[in-house]
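Residues per chain, in single letters:
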Amino acid sequence: MDRITIKDKTFRVSMTEAEIKQRVRELAQQMSRELEGKNPLFLAVLNGAFIFAADLMREMTIPCEISFVKLASYQGTTSTGTIHEVIGINEDLTGRTVVIVEDIVESGLTIRRMMEQIGTRHPASVQVCTLFFKPERLTEDLKLDYVAFEIPNDFILGYGLDYDQQGRGLKDLYTLVKNMRNIVIFGAPGSGKGTQSDKLIEKYGLNHISTGDVLRAEIKKGSELGKTAQQFIDNGQLIPDDLMVSILASVYDGFGKDHAGVIFDGFPRTIPQAEALKAMLAERGHEVAAMLELDVPEDELMKRLLLRGQQSGRADDNEETIKKRLVVYHSQTQPLIEWYKQEGIHHHIDGLGDLDRIFGDICAVVDNI
Ligand code: AMP
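My aim in this report is to walk through the structure given alongside it, one point at a time.

Reading the values: the criteria
- The numbers attached to residues start from 1 for each chain and follow its sequence in the written order.
- Local features are withheld for residues below a pLDDT of 70 in this predicted model, meaning they are given only at 70 or higher, and side-chain atom pairs are given and counted only at 80 or more; totals for whole chains, interfaces and linings count all residues.
- To obtain the side-chain values, all non-hydrogen atoms of the structure were included, while hydrogens and water were left out.
- Going along the chain from the N terminus, every DSSP run of H or I of four or more residues is numbered as a helix, and every run of E of two or more is numbered as a strand.
- C-alpha atoms define the radius of gyration in this analysis, and the globule rule sets the expected value at 2.2 Å times the number of residues to the power 0.38.
- Only protein chains enter the area calculation, which uses a 1.4 Å probe; residues under 20% of their type maximum are buried, those over 50% are exposed, and those in between are partly exposed.
- Contact criterion: two residues are considered in contact whenever any of their non-hydrogen atoms come within 4.5 Å of each other.
- Note on areas: these come from Shrake-Rupley sampling with a 1.4 Å probe, and a residue is covered only by the protein chains present in the view.
- We score Asp and Glu as negative and Lys and Arg as positive, and we do not count His or the chain ends.
- To locate a charge, take NZ of a lysine, CZ of an arginine, CG of an aspartate or CD of a glutamate.
- Only strands that DSSP links by at least two bridges are regarded as paired with each other.
- Distances are taken per atom, and a residue is near a molecule or strand as soon as one of its heavy atoms is within 4 Å of it.
- By the criterion applied in these results, polar contacts are pairs of N or O atoms within 3.5 Å in which, for protein atoms, one can donate a hydrogen and the other can accept it, and in which residues neighboring in sequence qualify only through two side-chain atoms.
- Throughout this entry, Asp, Glu, Lys and Arg are counted as charged residues, while Ala, Val, Leu, Ile, Met, Phe, Trp, Tyr, Cys and Pro are counted as nonpolar. The remaining residues, Gly among them, count as polar.
- As used in this record, nonpolar core signifies buried Ala, Val, Leu, Ile, Met, Phe, Trp, Tyr and Cys residues forming a set joined through side-chain atoms within 4.5 Å.
- A fitted line through C-alpha atoms represents every axis, and for helices the fit uses only the stretch in contact; the resulting angles, taken between N-to-C directions, go from 0 to 180 degrees.

Turning our attention to the overall build of the protein. Check the secondary structure of the protein and you find twelve helices and 15 strands. A compact globule built from 369 residues should have a C-alpha radius of gyration of about 21 Å, whereas the protein, at 29 Å, is more than 25% larger. Dimensions of the protein, computed from C-alpha atoms along their principal axes, come out at roughly 90 × 45 × 35 Å. In the protein, buried positions account for 45% of the 369 residues. Put simply, of all contacts in the protein between residues at least 6 apart along the chain, 69% involve residues at least 24 apart. When the accessible surface of the protein is summed, it comes to about 18,200 Å², and 49% of that surface belongs to carbon and sulfur atoms. The averaged location of the 56 negative side-chain charges in the protein is 1 Å from the averaged location of its 42 positive side-chain charges.

Below you can see the structure in the form of structure tokens.
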């Protein structure tokens, strides 16, 4: 069970029970050495820390005590915001070595307030032990004495931590899977895929794979792939599917596992490529969320491409090659519209007219992914 869904959110395992237990054992050994002879009093913060505290305590090899505290929050004046008061300390803390046991430290504000409140009860020392720490979120000037894991700023669940009170009993640690906006931007040559992709990248922080750009870069480098690609491109033909598919996975994996999404621009161009894309993404637990078909009449496409040829100097933007590319588009690429309709993710966009209006129509789809 490496993925679970709770309410509206999906999570995947990001740390196994065995990894957590191993690290908790190491931390307990370190604490046992450093706190020997001090009979430390652990103050475990409910609810989240109950499992960590139980495991930590059982791995300690020196005498120690444990008590559980809770943070009661009440609304302060507008300038102070929410106040957290520590409740549940029944022990006399005078002269004690106190260790606050937390499940997670983010901004550090809660811990700092706790340390201040505990400090008024005359302990010998107050230390902090936390299972997880998100360094990116820390805003307080705070020293954490014992940290089991430093983690990135993602929402986590399990091993005591909850999402809306659910999931605390999960043995492994899970991380929220962010909605991935994998988008196929689709259309004939000259339909505006590149222009709209640039706008999408800027607005949604997406990544971009333009297979045409990848091939042009290879041609420039003079690589074997570039040499093969050049002949096809000059003829307005498509590069063979197996070659294109093999390029795709490595470029895609370059974006990491938890990216915001990738715009596929110029890929897929054939049904076998669409099938290969679906399979490649499924192997990684991902999928295409939307296919956006930019629909532009043929006479307009020809006008745009001839103009682009004059401005950018792209060798395949000449009348003869454009005509071949459009024939290839109709015979091999256009059938994909039906294929994506069957998949239930096809969206028609009127690609003729004002750029911002077209982008607005695209955003209306992307916002709902
Ligand atoms: P583009 O920049 O997307 O218009 O692509 C320019 C040329 O690169 C195309 O006419 C094809 O020869 C080749 N090409 C780009 N993407 C693909 C693909 N997915 N499959 C096959 N050939 C492609």
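Time to look at the sheet that holds strand 9 (residues 156-157). Pairing within the open sheet is antiparallel, and its four strands lie in the order 1-2-10-9. What marks the edges here is a single partner per strand, and that holds for strand 1 (3-6) and strand 9. Pairing of strand 2 (residues 9-15) with strand 10 (residues 173-176), which is carried by four bridges, proceeds in the antiparallel orientation. Following the sheet pairing, arginine 12 is matched in strand 10 by threonine 175.

Close contacts around the ligand come from 16 residues, with Thr211, Gln237, Gly266, Arg269 and Gln273 the closest. Here a nitrogen atom of the ligand and a side-chain polar atom of threonine 211 are 2.8 Å apart. In the environment of the ligand, an oxygen atom lies 2.6 Å from a nitrogen or oxygen atom belonging to the backbone of glutamine 237. Sort the elements by how many residues they give to the shell around the ligand and helix 5 (residues 211-221) lands first, with four residues. Partitioned by chemical class, the residues of the shell around the ligand number six nonpolar, five polar and five charged.

All right, on to the nonpolar core then. Judged by nonpolar contacts, the single largest core of 36 residues is most densely connected at Val184, Leu215, Tyr252, Phe264, Leu277 and Tyr340. When residues of this core are traced back to their parent elements, those giving at least two are strand 11 (183-186), helix 6 (224-234), helix 7 (241-253), strand 13 (262-265), helix 8 (271-283), helix 9 (298-312), helix 10 (319-333) and helix 11 (335-343). Here the element with the most residues in this core is helix 7; it accounts for five residues. What tyrosine 340 contacts, discounting residues up to four positions off in sequence, is Val184, Pro268, Ala274, Leu277, Met291, Ile345 and His346. Ranked by size, the runner-up nonpolar core spans 29 residues in total, among them Ile20, Ala28, Ala53 and Tyr159.

Looking at where glutamate 218 falls in the secondary structure, it is placed in helix 5. Beyond its immediate stretch of four places on either side in the chain, glutamate 218 contacts Ser223, Leu225 and Gly226.

Moving on: the sheet that holds strand 11. The strand order 12-13-11-14-15 describes an open sheet built from five strands, whose pairing is parallel. Looking at the sheet topology across the chains shown, the edges are occupied by strand 12 (207-210) and strand 15 (346-350). Taken pair by pair, the neighbouring strands of this sheet meet at an average axis angle of 20°, ignoring direction. By the bridge criterion, five bridges tie strand 14 (residues 290-295) to strand 15 in an arrangement that is parallel. When the sheet's bridge partners are listed, aspartate 295 is paired in strand 15 with aspartate 350. Packed onto the sheet, helix 5 meets strand 12 and strand 13 and runs at close to 65° relative to strand 12. Of the strands in this sheet, strand 11, strand 14 and strand 15 are in contact with helix 11, which crosses strand 14 at around 145°.

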